[in-house]
6 protein chains.
Amino acid sequence: MSKLAIYPGTFDPITNGHIDVLERACKIFDHVVVTLAINSSKQPLFTVEARKEMIREATTHLTNVSVDTIDGLLIRYASDKGAISIVRGLRQVSDFEYEFQMALMNRKIEPEISTVFLMPSDKYTFLNSTIIRELARLGANVSEFVPPSVLKRLQDNFSRS
Amino acid sequence: MSKLAIYPGTFDPITNGHIDVLERACKIFDHVVVTLAINSSKQPLFTVEARKEMIREATTHLTNVSVDTIDGLLIRYASDKGAISIVRGLRQVSDFEYEFQMALMNRKIEPEISTVFLMPSDKYTFLNSTIIRELARLGANVSEFVPPSVLKRLQDNFSRS
Amino acid sequence: MSKLAIYPGTFDPITNGHIDVLERACKIFDHVVVTLAINSSKQPLFTVEARKEMIREATTHLTNVSVDTIDGLLIRYASDKGAISIVRGLRQVSDFEYEFQMALMNRKIEPEISTVFLMPSDKYTFLNSTIIRELARLGANVSEFVPPSVLKRLQDNFSRS
Amino acid sequence: MSKLAIYPGTFDPITNGHIDVLERACKIFDHVVVTLAINSSKQPLFTVEARKEMIREATTHLTNVSVDTIDGLLIRYASDKGAISIVRGLRQVSDFEYEFQMALMNRKIEPEISTVFLMPSDKYTFLNSTIIRELARLGANVSEFVPPSVLKRLQDNFSRS
Amino acid sequence: MSKLAIYPGTFDPITNGHIDVLERACKIFDHVVVTLAINSSKQPLFTVEARKEMIREATTHLTNVSVDTIDGLLIRYASDKGAISIVRGLRQVSDFEYEFQMALMNRKIEPEISTVFLMPSDKYTFLNSTIIRELARLGANVSEFVPPSVLKRLQDNFSRS
Amino acid sequence: MSKLAIYPGTFDPITNGHIDVLERACKIFDHVVVTLAINSSKQPLFTVEARKEMIREATTHLTNVSVDTIDGLLIRYASDKGAISIVRGLRQVSDFEYEFQMALMNRKIEPEISTVFLMPSDKYTFLNSTIIRELARLGANVSEFVPPSVLKRLQDNFSRS
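The structure displayed is predicted, hence computed values, not measured ones.

Caption draft 1: Layout of the overall build of chain A. The helix and strand inventory of chain A stands at six helices and five strands. Order of helices (α) and strands (β) in chain A, N terminus to C terminus: β-α-β-α-β-α-β-α-β-α-α. When the backbone C-alpha atoms are referred to their principal axes, chain A occupies close to 45 × 30 × 30 Å. Each of the 161 residues in chain A was classed as buried or not, and the buried ones make up 61%. For chain A, contacts bridging at least 24 residues in sequence account for 78% of all contacts bridging at least 6. Surface exposure of chain A reaches about 6600 Å², of which carbon and sulfur atoms provide 50%. For chain A, the centre of its 19 positive side-chain charges and the centre of its 19 negative side-chain charges are spaced 1 Å apart.

Caption draft 2: Spatial organisation of the sheet that holds strand β2 (residues 31–37) of chain D. Pairing in this open sheet of 10 strands is mixed, and the strands run β3(C)-β2(C)-β1(C)-β4(C)-β5(C)-β5(D)-β4(D)-β1(D)-β2(D)-β3(D) from one edge to the other. The sheet terminates laterally at β3 (65–70) of chain C together with β3 (65–70) of chain D, the two strands that pair on one side only. For this sheet, the mean inter-axis angle between neighbouring strands, taken without regard to orientation, is 30°. Pairing between strand β2 (residues 31–37) of chain C and β3(C): six bridges, direction parallel. Bridge assignment links Thr35(C) to a residue of β3(C), and that residue is Asp68(C).

Caption draft 3: Representation of the arrangement of the chains. Taking C-alpha atoms only, the smallest gap left between chain A and chain D, which are not in contact, amounts to 12 Å. One thing to see here is that chain B and chain E don't touch, and their nearest C-alpha atoms sit 12 Å from each other.

Caption draft 4: Spatial organisation of the relation of the copies chain A and chain E. The transformation that overlays chain A on chain E combines an axial shift of 0.1 Å with a rotation of 120°, and the residual RMSD is 0.0 Å. Both copies of the chain, as the preceding transformation shows, are related through a three-fold rotation axis.

Caption draft 5: View of the pairing of strand β1 (residues 4–9) of chain C. Residue and element names in this part refer to chain C. Of all the six residues making up β1, five are buried; the element is thus mostly covered by neighbouring parts of the structure. Where β1 meets β2, six bridges bridge the pair, whose relative direction is parallel. Its bridge partner lying in β2, Ile6 is registered against Val33. This β-α-β element, β1 to helix α1 (residues 16–28) to β2, shows right-handed connectivity. The sheet contact formed by β1 and strand β4 (residues 85–89) spans two bridges and is parallel. Directly across from Ile6, in β4, lies its bridge partner Ile86.

Caption draft 6: Broad picture of the relation of the copies chain A and chain B. Take chain A, turn it by 180°, move it 0.0 Å along the axis, and it overlays chain B with an RMSD of 0.0 Å. Such a combination of rotation and displacement between the chain copies is what one expects of a two-fold axis. Of every C-alpha in chain A, the one belonging to Phe117(A) sits nearest the axis of rotation, 2.4 Å from it. The fraction of interface residues of chain A whose copies in chain B are also interface residues reaches 100%, indicating that both copies meet through the same surface.

Caption draft 7: Representation of the interface of chain A and chain E. With 15 residues of chain A at the contact, the number on the chain E side is 12 residues. Counting each side, the surface lost to burial between chain A and chain E is near 1300 Å², with a carbon and sulfur contribution of 63%. Area buried by chain A at its contact with chain E is led by Phe126(A), Ile131(A) and Leu138(A), which between them contribute 43% of it. Connecting chain A to chain E are one salt bridge.

Caption draft 8: How the structure looks around the interface of chain A and chain B. If you look at the interface, chain A gives 32 residues, while chain B gives 32 residues. For the pair chain A and chain B, the summed buried area comes to about 2900 Å², and 55% of that belongs to carbon and sulfur atoms. Ionic pairing is found between Arg107(B) and Asp20(A), a salt bridge with its closest N-O pair at 2.6 Å. The tally of links from chain A across to chain B stands at 17 residue pairs in polar contact (both at pLDDT 80 or more). When contributions to the side of chain A that touches chain B are tallied by element, the ones reaching two or more residues are α1 (16–28), α4 (93–109) and β5 (114–118) of chain A. With eight residues, α4(A) is the largest single contributor of residues to the side of chain A that touches chain B. Bridging between β5(A) and strand β5 (residues 114–118) of chain B involves three bridges; their strand directions are antiparallel.

Caption draft 9: Quick peek at the pattern of salt bridges. Following the criterion strictly, the structure yields 66 salt bridges over all chains and no others. Ionic pairing is found between Glu57(D) and Arg153(D), a salt bridge with its closest N-O pair at 3.8 Å. In this pair, Glu57(D) sits in helix α2 (residues 48–58) while Arg153(D) sits in helix α6 (residues 148–160), placing the two residues 96 residues apart along the sequence. The exposure class assigned to Glu57(D) is partly exposed, which follows from its relative accessible area of 36%. The class for Arg153(D) is partly exposed, based on a relative accessible area of 22%. Taking the shortest distance from any N to any O, the salt bridge between Lys27(F) and Glu112(E) comes out at 2.5 Å. In this pair, Lys27(F) sits in helix α1 (residues 16–28) while Glu112(E) sits in the loop between α4 (93–109) and β5 (114–118), so the two residues belong to two different chains. Taking relative accessible area as the criterion, Lys27(F) reaches 41% and is therefore assigned partly exposed. Residue classification places Glu112(E) among the exposed positions, given a relative accessible area of 52%.

Caption draft 10: Examining the sheet that holds strand β3 (residues 65–70) of chain F more closely. Pairing in this open sheet of 10 strands is mixed, and the strands run β3(E)-β2(E)-β1(E)-β4(E)-β5(E)-β5(F)-β4(F)-β1(F)-β2(F)-β3(F) from one edge to the other. Strands with a single pairing partner mark the edges of an open sheet, and in this sheet they are β3 (65–70) of chain E together with β3 of chain F. Ignoring strand direction, the axes of neighbouring strands in this sheet form an average angle of 30°.

Caption draft 11: Representation of the packing of aromatic side chains within the structure. The tally for this structure, following the rule as stated, stands at 12 aromatic pairs over all chains. Ring centres 5.6 Å apart and planes at 25° place the aromatic pair Phe100(C) and Phe117(C) in the stacked group. Of the two residues, Phe100(C) is situated in helix α4 (residues 93–109) and Phe117(C) in strand β5 (residues 114–118); the sequence distance between them amounts to 17 residues. Accessibility classification places Phe100(C) together with Phe117(C) in one group, the buried group. Centre to centre, the rings of Tyr7(F) and Phe11(F) are 5.4 Å apart; their planes meet at 80°, and the pair counts as edge-to-face. Of the residues examined, Tyr7(F) reaches a relative accessible area of 5% and is grouped as buried. Exposure remark for Phe11(F): the relative accessible area of 3% places this residue in the buried category.

Caption draft 12: Seen up close, unusual backbone geometry. Residues and elements named next belong to chain B. In this structure, the amide linkage connecting Asp12 to the following residue, Pro13, adopts the cis form with an omega of 0°. With respect to the element layout, Pro13 can be found in the loop between β1 (4–9) and α1 (16–28). One non-glycine residue, Phe11, lies in the positive phi region at around 50°. Within the secondary structure, Phe11 is located in the loop between β1 and α1.

Caption draft 13: View of the side chain of Asn64(F). Residue and element names in this part refer to chain F. Among the secondary structure elements, Asn64 is positioned in the loop between α2 (48–58) and β3. In this structure Asn64 comes out as buried when scored by relative accessible area, which is 14%. In terms of polar contacts, Asn64 uses its side chain to reach the backbone carbonyl oxygen of Phe29, at 3.3 Å. At 3.1 Å, the side chain of Asn64 and the backbone oxygen of Asp30 are in polar contact. Non-local contacts of Asn64, meaning those with residues more than four positions away in its chain, are made with Cys26, Phe29, Asp30, His31 and Val32.

Caption draft 14: Structural context of the environment of Ala50(B). Looking at the secondary structure, you find Ala50(B) in helix α2 (residues 48–58). Measuring from C-alpha to C-alpha, the distance between Ala50(B) and Asp12(B) comes to 9.2 Å, with 38 residues separating the pair along the chain.

Caption draft 15: Geometry of α1(A). Residue and element names in this part refer to chain A. Here α1 contains 13 residues, and its C-alpha end-to-end distance of 19 Å stays within 8% of the 18 Å for a straight helix at 1.5 Å per residue. With respect to burial, α1 is a largely interior element, 11 of its 13 residues being buried. Restricting attention to buried positions, one finds in α1 the residues Asn16, Gly17, His18, Ile19, Asp20, Val21, Leu22, Arg24, Ala25, Cys26 and Ile28.

Basis of the calculations
Per-chain numbering applies: the sequence of each chain, read as written, is numbered from 1 onward. To label them, take the chains in the order written and letter them from A, then take the ligands in the order written and number them from 1. Thresholds applied to this predicted model are a pLDDT of at least 70 for local features of residues and 80 or more for the giving and counting of side-chain atom pairs; totals over whole chains, interfaces and linings are not thresholded and use all residues. Side-chain measures were taken over the full set of non-hydrogen atoms in the model, leaving aside hydrogen atoms and water. Counting from the N terminus, the helices are DSSP H or I runs at least four residues long and the strands are E runs at least two residues long. Accessible area is worked out with a 1.4 Å probe on protein chains only. A residue is then buried under 20% of its type maximum, exposed over 50%, and partly exposed in between. What makes two residues a contact is simply this: any of their non-hydrogen atoms within 4.5 Å. Here the accessible surface of atoms and residues is derived via Shrake-Rupley with a 1.4 Å probe, and residues count as covered only by protein chains that are part of the display. Residues scored as positive are Lys and Arg, those scored as negative are Asp and Glu, and His as well as the terminal groups of each chain are ignored. Here the site of a charge means atom NZ of a Lys, CZ of an Arg, CG of an Asp or CD of a Glu. Note: two strands are recorded as paired if DSSP finds a minimum of 2 bridges between them. Axis geometry follows a simple rule: fit a line to the C-alpha atoms, using only the stretch in contact for helices, then measure angles between N-to-C directions, giving values from 0 to 180 degrees. We superpose the copies by least squares over the C-alpha atoms of residues that have a pLDDT of at least 70 in both of them. Classification remark: right-handed applies to a crossover when, strands pointing away from the viewer, the course from the first strand over the helix to the second runs clockwise. Simply put, the buried area is the total loss of 1.4 Å probe accessible area from both parts when two parts are fitted together. When a carboxyl oxygen of Asp or Glu lies within 4 Å of a side-chain nitrogen of Lys or Arg, that pair is called a salt bridge. Polar contact criterion, stated in full: a pair of N or O atoms within 3.5 Å, where within protein one must be able to donate a hydrogen and the other to accept it, and residues adjacent in sequence count only if both atoms are side-chain atoms. When the centres of two rings from Phe, Tyr and Trp lie within 6.5 Å, Trp using its six-membered ring, the rings pair. Their planes under 30 degrees apart give stacked, over 60 give edge-to-face, and anything left gives tilted. To estimate how far a helix should extend, the number of its residues minus one is multiplied by 1.5 Å.

Next comes the structure, spelled out in structure tokens:
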């Protein structure tokens, strides 16, 4: 039986930290679906389509990844797909409690699906999409933290404004 | 290719929280080796043999688990066995930093092996072996927190003293 | 002299975690006033009236509780009522610093009034009103986490939309 | 019915932070018993008798306090005495998890007894007995942090050595 | 060579905690520039001009301080000015991770500039501008926490509304 | 007036993380004294003499560093030397509270001396002497984390045993 995992997030945009987590998930599971929530209350910088495209461009080296969108409860989507795990990156203490809250709630709703936490490289411990957007907006060079296609879109986005 | 994980610990004694983590690991990986370090500096309550026996008794319902001892570097053992992951339970913020320190060190030594963090049920969030030993020593009923064979050994141990 | 405590919050809506804390406060104090701030900057899901009604319906088994609204400084309200304590639930590390900040500020303003922290059951450690609203919005079953009358109102609210 | 609370600790020695917590507990409860565990594994600086005497000397202004020793399970002692609460000071994030672990364990054993957390003044946020002993050993002036009789005993103790 | 440091912040308004940190920075560095970001996304209570004026009024006793505004990347401003350090106050665990994230990002962009963390007095551990604004809005006396000219402006602001 | 700082620690042994912090301190202060406490209760792996020698060997590229031992109160030593600051590395949340406790105590004893916290590179965030000793004991390669002379002594030490 094929072992499927879901890697949910906002990915606004995908960073090298996300890719590091995803590469590790791809070794553990037979297939990983990266999912974007389309009705999130957050106002994203990039459209769902642009974010999906950036994820696809950044993961061409991974053969067992696909990308999808969800507009309902994540854990129900995971259950419908027959997933055995939800994958989350865990970088810092401040991630910890929100992640545990969600993981425990998901466990109560679907006890058979585990949340699996993976740790990105220490190079990415202090990295997140918010800080990338802020640095790019102020004109800093973020090429060390995002894949090339994301870098280009960030530059396009902020040179226009 | 069979996917092997190592679940290292002191297990002095194994608790229901450990078993909860192990059951989840057994769904993700093809085989899980529970390992005990034999040259740890900690002074355990139970001998290595007794701890191994309690783990075996508590995991007879799991068909893809084995138990082993290690007396060197955990990550080297994992590498020699061809493991793809090290499994750790993560219950509280205070676990977090030590676990990350070890996970990053292990990652530097063997970049191909991931540390996978799993979360026990909220019933076991505040449970650990130290508190179990202390409660058993003072005569409290810990049957809710440990498997039956561990309960019996704790009672034997502390009634003797 | 009767010992009065204030249990302030947003209660949008009241959860089983809040009720657990309130039941414990009712054993310690002679009377507990649950208070809602009416000029908070947060945009609530339920009106003040609906929230008061849900609190009353969920606390009919407690004889020494009343509900009130405040539109000024909490600590001044507590002082005017002759309260000796402010009661707060403390579930997680992330609650800790904000709660201490408020408790120390209140202590500086009214040194005679103590803030008393109570801990809900581990079943409710990872529960809060925000996550309840989000889960209800997405159609998840939250009957395990809120009293029946709150469940009904959540269902009414989100089926309408 | 008189409302009794237990305030357990090592009190090696009692500090102004402990007294601050105790004064607040004495306003909430009808009587507070300060308890010392006599079979703790820690090697104390002061004997149980000296610690009891220092507590008594430092609490003569409080009419509803007594001092006792326990040599078994704290929660069972509390239950036998008919206490409704256990009082603990909570100063810092690092206190938090151990305290919650104990509070949840105690709650499982005796669900009717609550753990009540009180916060000392910000002057005492970073104060504990370990640091007091260390500073006194090195000859620092700790008169701001301990009651006079404790100060005298610390000086006697370390001048002798 | 003169040693210059930058002390960036929102200072909405400056508090006694900020001044405490600034006084300490002024002993370590030859000159300290307090900087306000003018294009921040936060909606401030006071205008940039009012905030600059309050900082100047509160620092007349310090001879090596100046005030400036920046509308780009902080670390680039620091580099252009020839600063050797960025100064930040660190009060609580919750400050820690955001501060480290920023410090590490800044270090990657300009490895020669260090972030220096200073700790305000314990009197100001639980103090921040948000809580000051909230207390002032509700009519509490905040004279213990802000310099006199800030107190006057807070009173003017909230009596008008 | 020359600005002197003290950088205290156990340095058992000095790591690349310590050296990173020291290099940064040397740019801020005119002179930095690295100090070892000689009467610490910890049982060190290396003698005071060996630790001093390793510090000297690892800091030959820094012209404003000296090494000393202290056998009393650190803050008094700093005061006697005319230091204006104590330097500490801050890597993780778990360092935070102990460091703040010490910094506040030192501030109460000598208000004129500041504690300055510096952050090592993210490469060293999860590094400390304890983990280095443990890895070296188990035969892992720690050349990435310690200077060459320390590496040699660790190898000598553990090959002998």
